Each structure stands twice: as C-alpha cells, then as structure tokens.
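Given next are the chains, with one letter for each unit.
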Amino acid sequence: MIRLRVHPDRAAAVTAVAADIAGLIRDRARAGRRAVLGLATGSTPIPLYAELVRLHREEGLSFRHVTTFNLDEYSGLGPGHDQSYRWFMQRQLFDHVDIPPAETHVPDGLAPDPAAASAAYERAILAAGGIDLQVLGIGRTGHIGFNEPPAGPATRTRQVHLDELTRRDNAAFFGDIAKVPRHAVTMGVGTILDCRRVVLLAWGEGKADIVRRAAEDTPSDDCPASWLQRHPACDFVLDPAAAAKLSPR
Ligand code: PGA
C-alpha cells in the first residue's frame, strides 16, 4: 500500500524523511543493533543527504552503527570515476559522517562476472539482516533503481540495459550522451519489495505523470515503480508539483 505524503516544499519533505531515518538509526543503536539503510543516487536525494550530514554535525547523529546498500552502479565505471555512484555517495554522504567504510556497499561496476557479483550482493543484504528502510527516486521511465521497463517483482540484483530516455536524462551529468554507460547493475524490483520500509522521493512537475502512473495504475512491468503498490509499508514523499496529477482523495 502506498501512503502519499505531500509536503509544502521539498525542504519540508527532506526534513521529515531525515528525522524518520535518524529515529530509525537511534532506535536500532539503543537496541544494540545496526540500522540497514538502502540508498539512492541522482539529483533527488541530494538535499536528504545534506540534511543527514547536518544532523550528524549539529545534532550528534552517529552513523557508527549504520550499514548501507546502494541500489545501483553504472557498468564500466570504477569508484574513482566522478560519475560513478560510489563517488557520488562518498561526496554527498559517506565522507562527511562517521560510517565505517566497510559498512557501505555499492554494486561494483567493474566486476568481471556481473552475475556472480550480483548474487554476492543479494547474499550480503541477507547477511546484514535485510534492509530496514530503502530510499528511492523515480525515473521518468518508471524505473526504481535502474529497473527499466519491463521489470517485475521476480527481478533481483543483475546487470541491465539502460533505457535511452534514462541515458538522455543523465547526459547532462556526463557532458555528452555518448559518455553515458549503456549498462548498469541494479537491485531488482523484488530486492526492493523485500525491504521492510520503502520511501520514494519525487520533486517537481517533471515527475508528476510518472508518480501518478506508479501510484494509481494497475501494477505492471511497464512501470516498475507501480509494483510498490504491493509493498506493505511504502511512502511516496512528494512536493506539490510532483503530486499535481494524482487523483483527488
Ligand atoms: P533524479 O533520478 O533523482 O536525478 O531525477 C531519479 C531516478 O532516475 O531514479
């Protein structure tokens, strides 16, 4: 079931989600357990990571008992490439908080055997006890992670082909579409559905159509995000522009 949470603006949305994550981290730490977070990249979660860094610096939020798993990585890009998602996570979050480096996981875009590395990634998630809370963005194709349509609940971590619309949407970051990789490694829709909680963030009018399809259309592999309707605890956290096409309720 999707709970829609429309905030007055994205700053208010991000403050609420960061407070939720901070509560989870502190609850787990009090119980002597690690919090396992699933993390996303792209422009959408950047202000969320800035707020988590602020909570660390100004309000003593510690990440020592946090383990993270990122959704995806471009195939062919190593951790030193400035468009790799490992690089992104280091710059946006990991370098600024006290998380143990060995507790941060991002799929390896250079793995010589992507199928074996993907299976190992799934095993690592299970060994950590599963993901407590997965942060998601949504692509205009309806992708979550890099699960381009068609993709459904049976999909697990694997190498995928990127949709041309996704490559175009990301071309600005690379300076030239020819430099955008054609493949990526991503958790599957099924991997995401196994997370105990899911929080999908979307801002701006460019996301309004796909947010409506994901939240309201019958779930189908043509819009992988629509499978989140089958998740027992999924929030869509939106600003008014991203929520603009939802049916009145
Ligand atoms: P964006 O990408 O945050 O850069 O809009 C979201 C996504 O593709 O999942």
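Relevant structure appears above.
Residues numbered from 1 in each chain as written. Predicted model: local features only at pLDDT ≥ 70, side-chain atom pairs only at ≥ 80, totals over all residues. Heavy atoms only, no water.

Notes on the nonpolar core
Line of reasoning, step 1. If you look at the biggest cluster of nonpolar residues, it comprises 65 residues, and the most contacted ones within it are Ile 21, Leu 48, Leu 52, Leu 93, Leu 228 and Phe 236.
Line of reasoning, step 2. Ranked by the residues each element gives to this core, the list is headed by helix H1 (residues 10-30), at 8 residues.
Line of reasoning, step 3. Ignoring anything within four residues of it in the chain, the contact list for Ile 21 reads Leu 37, Leu 48, Leu 52, Leu 133 and Val 135.
Line of reasoning, step 4. The next biggest cluster of nonpolar side chains, apart from the first, holds 10 residues, and it includes Phe 146, Leu 162, Ala 171 and Phe 174. (Core = buried A, V, L, I, M, F, W, Y, C linked by side-chain atoms within 4.5 Å. Buried < 20%, exposed > 50% of the residue type's maximum accessible area, 1.4 Å probe, protein only. Helix = DSSP H or I, 4+ residues; strand = E, 2+ residues; numbered from the N terminus. Contact = heavy atoms within 4.5 Å.)

Some points on unusual backbone geometry
Line of reasoning, step 1. Along the chain, Pro 149 connects to Pro 150 via a cis peptide bond; the corresponding omega equals -5 degrees.
Line of reasoning, step 2. Note that Pro 150 resides in the loop between strand E6 (133-136) and strand E7 (158-161).

Some remarks on the site of the ligand
Line of reasoning, step 1. In the vicinity of the ligand, the contacting residues are Gly 42, Ser 43, Thr 44, Gly 137, Ile 138, Gly 139, His 143 and Lys 207.
Line of reasoning, step 2. Within the side chain of His 143, an N or O atom sits 2.6 Å from an oxygen atom of the ligand.
Line of reasoning, step 3. In this structure, Lys 207 approaches the ligand through a side-chain N or O atom, which is 2.7 Å from an oxygen atom.
Line of reasoning, step 4. In the complex, the protein chains occlude 80% of the 280 Å² of accessible area that the ligand would expose alone.
Line of reasoning, step 5. Split into classes, the residues belonging to the shell around the ligand amount to 1 nonpolar, 6 polar and 1 charged. (Near = heavy atom within 4 Å. Polar contact = N/O pair within 3.5 Å; in protein donor to acceptor, adjacent residues only side chain to side chain. Areas by Shrake-Rupley, 256 points an atom, 1.4 Å probe, with all protein chains shown as cover. Nonpolar A, V, L, I, M, F, W, Y, C, P; charged D, E, K, R; others polar.)

Looking at the pattern of salt bridges
Line of reasoning, step 1. Tallied over the full model, the rule gives 21 salt bridges.
Line of reasoning, step 2. The salt bridge partner of Glu 103 is Arg 34, with a shortest N-O separation of 3.5 Å. Here Glu 103, found in the loop between helix H3 (85-92) and strand E5 (104-105), pairs with Arg 34, found in the loop between H1 and strand E2 (35-39); they are 69 residues apart in sequence, far enough to count as distant.
Line of reasoning, step 3. Note on Glu 103: relative accessible area 23%, which makes it partly exposed.
Line of reasoning, step 4. With relative accessibility at 30%, the residue Arg 34 sits in the partly exposed group.
Line of reasoning, step 5. What you see here is one network of salt bridges that share partners, running through Arg 3, Arg 5, Asp 20, Arg 197 and Asp 235. (Salt bridge = Lys/Arg side-chain N within 4 Å of Asp/Glu carboxyl O.)

Description of the sheet that holds E7
Working definition: the strands of a sheet are paired by backbone hydrogen bonds and lie parallel or antiparallel to each other.
Line of reasoning, step 1. The antiparallel open sheet is built from 3 strands, whose spatial order is E4-E8-E7. Each edge of the open sheet carries a strand with a single partner, namely strand E4 (72-74) and E7. With strand direction ignored, the average angle separating the axes of adjacent strands in the sheet is 30 degrees.
Line of reasoning, step 2. One ladder, built from 3 bridges, connects E4 with strand E8 (residues 183-186); its direction is antiparallel. Considered in E8, the bridge of Tyr 74 is made with Ala 184. (Pairing = 2+ DSSP bridges. Axes fitted to C-alpha atoms, helices over the stretch in contact; angles between N-to-C directions.)

Some details on the packing of aromatic side chains
For any two aromatic rings, the description comes down to two numbers: the centre-to-centre distance and the angle of the planes.
Line of reasoning, step 1. All chains considered together, the criterion is met by 5 aromatic pairs.
Line of reasoning, step 2. Seen in terms of ring centroids, Phe 69 and Tyr 121 are 5.7 Å apart; in terms of plane orientation they differ by 85 degrees. Their pairing is edge-to-face. Residue Phe 69 is found in strand E3 (residues 66-70), and its partner Tyr 121 is found in helix H4 (residues 114-127); the two are separated by 52 residues along the sequence.
Line of reasoning, step 3. A relative accessible area of 1% places Phe 69 in the buried class.
Line of reasoning, step 4. Arranged with centres 5.9 Å apart and planes meeting at 20 degrees, the rings of Tyr 85 and Phe 146 form a pair that is stacked. (Phe/Tyr/Trp six-rings, centres within 6.5 Å; stacked < 30°, edge-to-face > 60°.)

Things to note about H4
Line of reasoning, step 1. In a regular helix each residue adds 1.5 Å, so 14 residues correspond to 20 Å; H4 covers 20 Å between its end C-alpha atoms and thus fits that length.
Line of reasoning, step 2. Of all the positions in H4, only Ser 118, Tyr 121, Glu 122 and Ile 125 are classed as buried. Around the axis of H4, the buried residues are gathered within 95 degrees of arc, so they sit on the same side. Turned more than 90 degrees away from the buried face of H4, the exposed residues are Arg 123, Leu 126 and Ala 127. (Expected span 1.5 Å × (residues − 1). Arc of directions from axis to C-beta.)

Any link to function would need more than the numbers given here.
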